[in-house]
Amino acid sequence: MADDKKLTTREADFSAWYNEVVLRAELADYSPVRGCMVIRPDGYGIWERMQRALDDMFKATGHRNAYFPLFIPQSFLAKEAEHVEGFAPETAVVTHGGGKELEEPLVVRPTSETIIYAMFAKWVQSYRDLPLLINQWANVVRWEMRTRLFLRTLEFLWQEGHTAHATHDEAQEEARKMLGVYRTFMEGWMAMPVITGLKSESEKFAGALRTYSCEAMMQDNKALQAGTSHNLGQNFAKAFELKFQTEAGGTDFAWNTSWGVSTRLVGGLVMTHGDDKGLRVPPMLAPTEVVIVPIWRKDEERSRVLEAAHRIRASLLEVQRSDRGSLRIHIDARDSMKPGAKYYEWELRGVPVRMELGPRDIDANQAVVVRRDTGVKKIVSLDALGGEITTLLEQMQDEMLAAARERREAHSMRGPITYDAFRQVMEGAGGFVYAGWCGRAGCESQIKEDTKATIRVMPDEEFRSPEAPVACLMCGQPATAEAMWAKAY
RNA sequence: CGGGACGUAGCGCAGUCCGGUAGCGCACCUGAAUGGGGUUCAGGGGGUCGCGGGUUCGAAUCCCGCCGUCCCGACCA
C-alpha cells in the first residue's frame, strides 16, 4: 500500500520522523546491546567524509594523530576532582580480566584527558617541547540512561584533540582557534549554521576553566551542541604533574586544551536538512553527489541508455573541480525496480542531484536534472552537463546553508522579553531566545526547572544583539552577560 | 530510578476483552506481462506467539513470576 511507504511528517512527530529516516535511509540500526548503535555503510560513508575533512583541517593547523588506550585506571579519573565528579556516574568499569578480579578496576574511557595528560607528562621536559598538538580518533563509552540514534548512544565515535601549551594565552588562542575550525566545518561542509560562544559554569566540561561550544538549531527548534572546545587551564597539568622548564629556567605547569566532535554530527545533519521525503545531504558530504537513473522499456533501449549513462559519467569524471575532487556519480542500473521507485529511494537517501536519462532524452541530446533540496527539475543539454552540474552542486551547498540560517533566525528572539512571554515561547514553538543574565547560577537553574530551557552559550560578539540586554530575564537585576536560551538535545 | 505503553514471520501490525491449535500488509522466492514518479497478476517459502511456571480436555488469549524494548521525566556530546 502506497501510504505505508510515506514517512511520518516532521511537523506531526519530529522524533518519530527522525528515527524513521535514520533507519529507513539505512544510516544506522539498533544493535543487540541496549543503547549501542550500529552505523551502516551509508551512515558511515557520510561520517567518513566528515572525518576526512576534519582531519585535513586538523593537519593544516599543525595537529598530529595518535592513539591512546581504551582502558583508564580508575585512580586516573580521580586525580582531577571536578572531572571525576562529572564523569564517574556514567562510566563503564571493567573489574575482571583473564578470569581474575583486577587489583584496580579499569574504566572504559568516557573521554581521554587523564590517560593522555599522563603520557604528556612523560613527553614534555622543556618549553621547547611545547606546544604539543595531538588528536585522537576513537570510540568512547558513557553510560547514558536514555539513548537516541547518533545523538546519544552508550558508545560513540569521535575525535578528541588534546594540546599542551606554555602559557594561558596560547592555550586560550588554541581553544578559540579549534572552535573556529569546527564552525568552518559545520557551516562550510555540513551547511549547518551554528552560534558559537561560552558555556555557563554549570554547563561547562567537568574539569575545564572555560568551555566553548557550537550550537545548531534543529527543525524542532531545539538546540544541538554540535562541538565543544575547552580551555582546561592547568587543572589537569597539576593533577598529572605535567610540568616543563621555562625559558627563564623555572618550572611551570602546562596549559591544556581539549576539543571534540562526534558521530552526533550525522544526527545533526539529518535534523537540520531532512524533509518529509527523507534525508538531504549537502553535496560536500554526499558520498554520491549525482545518481543517474536510466529509463528504458525494451532491451535494445536498455543497452542504448546504459551505454549513454556510462559515457556521460565518464565525461563528468573528467570535469575539473579545483578543491572538491572529481564528481561522485552512481548509475542505478537495477532491473528489478521501476524508475519511479528508484526516485523515491534516492530521495530518501538524500543524494543531491538525480539525473533522469531515457531514450527520448538521448535522441534530444539532453538529460533531466533534478535537485534534491528544492525538487526543481531542469532539462540540460548533454554538452553543457559538466558545467551545469558543478555549478548546481555549489549553488545547493550555499543555498542549503542560507536556508538553514534563515530558518534559525526566523525562530530566534532578541530584545526585551518578560519572563512570562519567555515561558510561553518555551512551552510552545521553542527557539533561541537571547536575553540578559545576572550571572547567578540560581536564576539559571530556576529557569531550567520552570521551562527545561538552558543557557546554550553566552554568544560570541558577532552573535550578540545590537542592544545589550540590561536586566536578567529571571530576577530583573542588572545583566552581566547576554545568554542564548533554548531547549536542547 | 519514577510514570506510561508494548513484546505474534525480516519489518509494520490484527487476533487477547469472550480459550478451540495463527492471520494481514510490506519485504523475500518462482513465472508471465509491464516499464518517463512507489507495476500488475498468479503461485510459493518463512513464526516453539519474549522466557518460565500455573489453570484447563485444550492457552497467543486467563493467572503468577521474570526478561526485554520504546515513549515521557531526572542525567548527558
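Residues numbered from 1 in each chain as written. Chains lettered and ligands numbered in written order. Predicted model: local features only at pLDDT ≥ 70, side-chain atom pairs only at ≥ 80, totals over all residues. Heavy atoms only, no water.

A. Geometry of the protein's contact with RNA strand B. Neighbouring RNA strand B are 39 residues, the closest being Met145, Arg146, Arg152, Phe156 and Arg264. Sugar plus phosphate: this is where 38% of the atoms of RNA strand B within 4 Å of the protein reside. The backbone of Asp335 places a nitrogen or oxygen atom 3.3 Å from a base nitrogen of RNA strand B. In this structure, Lys338 approaches RNA strand B through a side-chain N or O atom, which is 3.4 Å from a phosphate oxygen. Of all the secondary-structure elements, those providing two or more residues to the surface near RNA strand B are helix H10 (339-349), strand E17 (353-357) and helix H11 (359-363). Ranked by residues supplied to the surface near RNA strand B, first place goes to H10 with 5 residues. Tallied by class, residues from the surface near RNA strand B come to 12 nonpolar, 6 polar and 21 charged. (Near = heavy atom within 4 Å. Polar contact = N/O pair within 3.5 Å; in protein donor to acceptor, adjacent residues only side chain to side chain. Helix = DSSP H or I, 4+ residues; strand = E, 2+ residues; numbered from the N terminus. Nonpolar A, V, L, I, M, F, W, Y, C, P; charged D, E, K, R; others polar.)

B. Spatial organisation of the sheet that holds strand E15 (residues 290-294). Taken together, 5 strands build an open sheet; the order of strands is E16-E15-E17-E18-E19 and the sheet is mixed. Edge strands, defined here as strands with exactly one partner in the open sheet, are strand E16 (329-331) and strand E19 (377-381). Taken over all neighbouring pairs, the strand axes of this sheet differ in orientation by 25° on average, direction set aside. Summarising the sheet, E17 and strand E18 (residues 366-371) pair through 4 bridges and their orientation is antiparallel. When the sheet's bridge partners are listed, Glu356 is paired in E18 with Val368. (Pairing = 2+ DSSP bridges. Axes fitted to C-alpha atoms, helices over the stretch in contact; angles between N-to-C directions.)

C. Inspection of the pattern of salt bridges at higher detail. Inspection of every chain in the model, using the stated rule, returns 35 salt bridges. For the salt bridge of Glu26 with Arg349, the shortest nitrogen-to-oxygen distance reads 3.3 Å. Taken as a pair, Glu26 in the loop between helix H1 (14-24) and strand E1 (28-30) and Arg349 in helix H10 lie far apart in primary sequence, 323 residues in all. Residue Glu26 is classed as partly exposed on the basis of its relative accessible area of 29%. Taken together, the salt bridges that share partners define one network made up of Glu26, Arg40, Asp42, Asp332, Arg334, Lys342, Glu345 and Arg349. (Salt bridge = Lys/Arg side-chain N within 4 Å of Asp/Glu carboxyl O. Buried < 20%, exposed > 50% of the residue type's maximum accessible area, 1.4 Å probe, protein only.)

D. How the structure looks around the environment of Ser303. Examined against the element boundaries, Ser303 turns out to sit in helix H9 (residues 299-317). A relative accessible area of 43% means that Ser303 is categorised as partly exposed. Through-space distance from the C-alpha of Ser303 to that of Arg313 is 15 Å; in sequence the pair is 10 residues apart.

E. Main features of the nonpolar core. Grouped together as the largest cluster of nonpolar side chains are 49 residues, with contacts concentrated most on Met50, Phe185 and Met186. Taken together, the elements giving at least two residues each to this core come down to H1, helix H2 (41-60), helix H6 (168-188), strand E10 (210-217), strand E11 (223-233), strand E14 (255-262) and helix H8 (264-273). Residue contributions to this core peak at 7 residues, all from H2. For Phe185, the residues in contact, after removing those within four places along its chain, are Met50, Ala53, Leu54, Met57, Met190, Leu265 and Leu285. (Core = buried A, V, L, I, M, F, W, Y, C linked by side-chain atoms within 4.5 Å. Contact = heavy atoms within 4.5 Å.)

F. Spotlight on the sheet that holds strand E6 (residues 100-108). Across the sheet, which stays open at both edges, the 3 strands sit in the order E4-E6-E5 with antiparallel pairing between neighbours. Bordering the open sheet on either side are strand E4 (71-73) and strand E5 (92-97), each of which pairs with just one other strand. Taking the axes of each pair of neighbouring strands and ignoring which way they run, one obtains an average angle of 45° across the sheet. In this sheet, E6 lies alongside E5 in antiparallel orientation, the contact comprising 5 bridges. Pairing of Val94 across the sheet is with Leu106, part of E6.

G. Local environment of the pairing of strand E23 (residues 481-486). Among the 6 residues in E23, 5 count as buried, and that is most of the element. As defined by bridge partners, strand E22 (residues 454-459) adjoins E23 across 3 bridges and the pair is classed as antiparallel. For Val457, the partnering residue across the bridge sits in E23 and is Met484.

H. Structural view of unusual backbone geometry. Note that the residue after Leu130, namely Pro131, is joined by a cis bond; omega there is -5°. Position of Pro131 among the secondary structure elements: in the loop between helix H5 (113-123) and strand E7 (132-141). The backbone of Asn221 shows a phi angle near 70°, a positive value even though the residue is not glycine. Within the secondary structure, Asn221 is located in the loop between E10 and E11. Assessed through its relative accessible area of 6%, Asn221 is described here as buried. Phi is positive for Asn365, which is not a glycine, with a value near 55°.

I. Molecular detail of the side chain of Gln172. The residue Gln172 is located in helix H6 in this model. Separated by 3.0 Å, the side chains of Gln172 and Arg210 make a polar contact. A polar contact is formed between the side chain of Gln172 and the side chain of Tyr212, at a distance of 2.6 Å. Aside from chain neighbours lying at most four places away, what touches Gln172 is Arg210, Tyr212 and Asn231.

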